[in-house]
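# Results of the structural survey
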Amino acid sequence: MARTFVVKLGTSILTDENLALNRERMLEFVRYCARARRRGQRIVLVTSGAIAAGRARLGFPELPRSVANRQMLAAVGQIRLIQIWEQLFDLYNIRVGQMLLTRADLEDRERFLNARDMLRSLLDRGVVPVINENDAVATNEIRVGDNDNLSALAAVLAGAESLLLLTDQSGLFNTDPRFHPEAELIAQVDRIDDKIRALAGGSVSGLGTGGMSTKIQAAEIATRAGIQVVIASGKEPELLEKILTGSPAGTRFTPSASPLENRKRWLFGAPPAGDLRIDAGAALALSEKGGSLLPKGITGVEGNFPRGAVVRLIPPRRGPLARGVTQYNSEALSLLAGRHSNEIFSLIGYEYGPVAVHRDDLILLGV
Ligand code: GLU
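Residues numbered from 1 in each chain as written. Predicted model: local features only at pLDDT ≥ 70, side-chain atom pairs only at ≥ 80, totals over all residues. Heavy atoms only, no water.

A count of helical and extended segments in the protein chain gives 14 helices and 13 strands. A compact globule built from 367 residues should have a C-alpha radius of gyration of about 21 Å, and the protein chain, at 22 Å, falls within 12% of that. Seen through its principal axes, the protein chain has C-alpha atoms that stretch 70 × 40 × 40 Å. Taking all 367 residues of the protein chain together, the buried fraction comes to 50%. Nonlocal contacts in the protein chain, meaning residues at least 24 apart in sequence, comprise 71% of its contacts between residues at least 6 apart. (Helix = DSSP H or I, 4+ residues; strand = E, 2+ residues; numbered from the N terminus. Rg over C-alpha atoms; globule rule 2.2 N^0.38 Å. Buried < 20%, exposed > 50% of the residue type's maximum accessible area, 1.4 Å probe, protein only. Contact = heavy atoms within 4.5 Å.)

Below, the structure is given as structure tokens:
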């Protein structure tokens, strides 16, 4: 499977001193993304800069305090931002798809799955997803708040292998480089502990003025999900090419588990919300052929559960064979049991794809 990289670009590297979007630099990033795609890599872009672009567009030199005014800036700026990304990717004949997310989209299990399926559909189609927070509507209660954390969540959504945080700093240093010229860049972090968190500092002291602490938070989320993270300078766009081709740059955070181990841990940990009885053919497809569970192989549904719940898959005359995340709720599965996947839409009036439990969301027990 193609490797997926989430590339997060911060406001400070996308804008010039007048807050206008720096299209020349954006074009350089696009060029490296286009090359990556020719190598068969998948790219997801997380872009900041909407509020800055809105300020430039409306001639607002000061960042207004009121939520409505900030939202207004985001509404104006986001159009500009996506318009430019669209035009630049179009030079390489690459289509982009805009996703504007809030925390609320990611915390609710069903909405998370919907966002995940949509993001993966874009990637399967060869479209580059361009993601930002939905600043025009998001209020404090439902915001992620910063695009570092948002990009880590996007990397989890995309099932990415790597998250690249490109910023105005070269990476994480062993002491504050502003006051200590001898400060050394830390090339690799294997474990994020209190010492590392302290190096990142708060948002005003330590090294944190450029937002290093939210980057460390993002690195914690991503590495825990089995995703490697690189923090490097976005002022040198050619570093993107270097990182994408496997050369070291900036600070690399090693993932604490493989994505598979991580998923397994989660699937084992979650209490099952119900059971799907499956026939012998489906059991064989799961255990021997690496297949997904289709509605056709389901003979019975037990329990009352939503889409996205963890269920046990139980073949005839034996204990559970597998655990997995269901694409449909129990009510829908009762209607779909034993039926062919091309009947899904006509039976329930909507469709989340042909499988009941996808192979990627499933673990066999005892292996
Ligand atoms: N979503 C914000 C914007 O596009 C940026 C947030 C951040 O830089 O972390 O303006």
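Back to the text.
The next thing to look at is the pairing of strand S12 (residues 322–326). Burial runs high along S12: five of the five residues are buried. Where strand S11 (residues 310–314) lies against S12, four bridges are found, and the strand directions are antiparallel. Bridged to Val 311 within S12 is Gly 324. Here four bridges tie S12 to strand S13 (residues 357–364), and the two strands are oriented antiparallel to one another. Within S13, the residue paired with Arg 323 across the bridge is Ile 363. (Pairing = 2+ DSSP bridges.)

Another point: the sheet that holds strand S7 (residues 228–233). Taken together, the eight strands give an open sheet; going across it, the order is S3-S4-S2-S1-S5-S7-S8-S6, and neighbouring strands pair in mixed fashion. At either end of the open sheet lies a strand with only one pairing partner, and these are strand S3 (96–101) and strand S6 (188–189). When S6 meets strand S8 (residues 251–253), the two strands line up parallel, connected through two bridges. Considered in S8, the bridge of Gln 188 is made with Arg 252. On the sheet, helix H6 (residues 109–124) packs against strand S1 (4–9), strand S2 (42–47), S3 and strand S4 (128–133) and is oriented at approximately 165° with respect to S3. (Axes fitted to C-alpha atoms, helices over the stretch in contact; angles between N-to-C directions.)

Moving on, we get to the sheet that holds S11. Paired through backbone hydrogen bonds, the strands of a sheet run either parallel or antiparallel to each other. Pairing within the open sheet is mixed, and its five strands lie in the order S10-S9-S11-S12-S13. The open sheet terminates on both sides in strands that have one partner only, identified here as strand S10 (298–302) and S13. Neighbour-to-neighbour, the strand axes of the sheet open up by a mean angle of 30°, direction not taken into account. Bridge count for strand S9 (residues 274–278) against S10 is four bridges, and the pairing is antiparallel. The partner of Ile 278 across the bridge, within S10, is Ile 298.

Between helix H2 (residues 23–38) and helix H4 (residues 67–90), the shortest axis-to-axis distance is 9 Å and the interhelical angle comes to 50°. With respect to H4, the element H2 is oriented oblique. For the pair H2 and H4, the sense of crossing is right-handed. When H2 is examined against H4, the residues Arg 23, Met 26, Leu 27, Val 30 and Cys 33 are found in contact with a partner set consisting of Arg 80, Leu 81, Ile 84, Trp 85, Leu 88 and Phe 89. Taken together, the residues of the contact of H2 with H4 sort by class into nine nonpolar, no polar and two charged. (Parallel < 35°, antiparallel > 145°, perpendicular 65-115°, else oblique. Left-handed = near helix turned anticlockwise from the far one by under 90°. Nonpolar A, V, L, I, M, F, W, Y, C, P; charged D, E, K, R; others polar.)

Turning our eyes to something else, we now look at the nonpolar core. One finds Leu 101, Ile 131, Leu 163, Leu 172 and Phe 253 to be the most contacted residues of the largest nonpolar core, which totals 37 residues. Every element with two or more residues in this core is listed here: S2, S3, H6, helix H7 (147–158), strand S5 (162–167), helix H8 (194–200), helix H9 (212–224) and S7. Of the residues forming this core, the biggest block, six residues, is contributed by H7. Residues contacting Leu 101, with those up to four places away along its chain left out, are Leu 106, Ala 115, Ile 131, Asn 132, Glu 133, Asn 134, Leu 150 and Leu 157. Of all hydrophobic cores here, the second largest spans 36 residues; its members include Leu 14, Ala 50, Leu 81 and Leu 239. (Core = buried A, V, L, I, M, F, W, Y, C linked by side-chain atoms within 4.5 Å.)

What follows deals with the confidence of the model for the protein chain. For the protein chain, the mean per-residue pLDDT works out to 90, and 95% of the residues sit at or above 70. S2 holds the highest mean pLDDT among the elements of the protein chain, 98, whereas helix H11 (residues 259–269) holds the lowest, 69. (pLDDT = per-residue confidence, 0-100.)

Bringing the site of the ligand into the picture now. Residues in close proximity to the ligand include Thr 11, Ser 48, Gly 49, Ala 50, Ile 51, Asn 132, Asp 135, Asp 146 and Asn 147, which together make up its full environment. The side chain of Ser 48 places a nitrogen or oxygen atom 3.3 Å from an oxygen atom of the ligand. At 3.0 Å, a backbone N or O of Ile 51 approaches an oxygen atom of the ligand. Relative to its unbound accessible surface of 300 Å², the ligand loses 83% to contact with the protein. The class makeup of the residues in the shell around the ligand is two nonpolar, five polar and two charged. (Near = heavy atom within 4 Å. Polar contact = N/O pair within 3.5 Å; in protein donor to acceptor, adjacent residues only side chain to side chain. Areas by Shrake-Rupley, 256 points an atom, 1.4 Å probe, with all protein chains shown as cover.)

Contact geometry of H6 with H7 gives a least axis separation of 8 Å together with a crossing angle of 75°. Of the possible angle classes, the one that applies to H6 and H7 is roughly perpendicular. Residues Phe 112, Ala 115, Arg 116, Leu 119, Arg 120 and Leu 123 of H6 form the contact with H7, whose participating residues are Ala 154, Val 156, Leu 157 and Ala 158.

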